[in-house]
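The primary structure of each chain is shown beneath.
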Amino acid sequence: MSSVDAQVQADSSNGVEGVGRVRDVHIRNYKSIGQATVAMGGLTILVGANGAGKSNFLDALAFVSDSLTDSVELAFKGRGGSRLRAAPFWRPSNAHRNPSCR
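About the cut-offs
Residues numbered from 1 in each chain as written. Predicted model: local features only at pLDDT ≥ 70, side-chain atom pairs only at ≥ 80, totals over all residues. Heavy atoms only, no water. Pairing = 2+ DSSP bridges. Helix = DSSP H or I, 4+ residues; strand = E, 2+ residues; numbered from the N terminus. Expected span 1.5 Å × (residues − 1). Buried < 20%, exposed > 50% of the residue type's maximum accessible area, 1.4 Å probe, protein only. Arc of directions from axis to C-beta. Contact = heavy atoms within 4.5 Å. Phe/Tyr/Trp six-rings, centres within 6.5 Å; stacked < 30°, edge-to-face > 60°. Core = buried A, V, L, I, M, F, W, Y, C linked by side-chain atoms within 4.5 Å.

S.K.: With reference to specific residues and values, describe the pairing of strand S3 (residues 33-39).
M.R.: When strand S2 (residues 20-30) meets S3, the two strands line up antiparallel, connected through six bridges. Directly across from Arg 28, in S3, lies its bridge partner Gln 35. Between S2 and S3, which pair antiparallel one after the other, the connecting turn spans two residues, and Lys 31 there sits at a positive phi close to 50°.

Right, here's the structure in full:
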């Protein structure tokens, strides 16, 4: 099962109350990424060889964003649909749930 978790911390340093930032991103079994944990700072730069998974890391973040703003179904369709298999918690009986996002 694929999963993308993000820990969000409230950050009022930018003068906007209630706005948070992602502190840590945990990815498991997403495309070419078996497992990755990335601590996010004010500026995080991804560096690596071709095929290392930089674009897949960014796509995992976009997938979570798309799932939360639209729906998991549209997020799948936007990425080719059948190439990705829905995890068990995306079955219709649990359709009210979104990917794990902390």
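So, next bit.
S.K.: Explain helix H1 (residues 54-69) to me, using residue names and the numbers behind them.
M.R.: In this model H1 runs 23 Å from its N-terminal to its C-terminal C-alpha over 16 residues, within 8% of the 22 Å that 1.5 Å per residue would give. Inspection of H1 places Asn 56, Phe 57, Asp 59, Ala 60, Phe 63, Val 64 and Ser 67 among the buried residues, and these make up the whole buried set. Burial along H1 is one-sided: seen end-on, the buried residues are contained in an arc of 165°. Exposed residues on H1 whose side chains face more than 90 degrees from its buried face are Ser 55 and Thr 69.

S.K.: Outline the environment of Leu 46, supporting the account with residue identities and numerical values.
M.R.: Its location among the elements puts Leu 46 in the loop between S3 and H1. Along the backbone, Leu 46 and Leu 58 are 12 residues apart, and their C-alpha atoms lie at a distance of 9.4 Å. If we skip the residues at most four places from it in the chain, Leu 46 touches Lys 54, Phe 57 and Leu 58.

S.K.: Describe the packing of aromatic side chains, listing the residues and the values that go with them.
M.R.: Within the structure shown, the criterion is met by two aromatic pairs. Each ring, one from Tyr 30 and one from Phe 63, has its centre 6.0 Å from the other, and the planes form 40°; the classification is tilted. Here Phe 63 lies in helix H1 and Tyr 30 lies in strand S2, a separation of 33 residues in the sequence. Owing to a relative accessible area of 5%, Phe 63 belongs among the buried residues under this scheme. With a centroid separation of 5.5 Å and an interplanar angle of 65°, the aromatic rings of Phe 63 and Phe 76 are classed as edge-to-face.

S.K.: Now, about the nonpolar core: what can you tell me, with residues and values included?
M.R.: The biggest cluster of nonpolar side chains holds 14 residues, and the ones touching the most others in it are Val 4, Val 25, Ile 27 and Phe 57. Residue assignment for this core shows that the elements contributing at least two residues are S2, S3, H1 and helix H2 (72-77).

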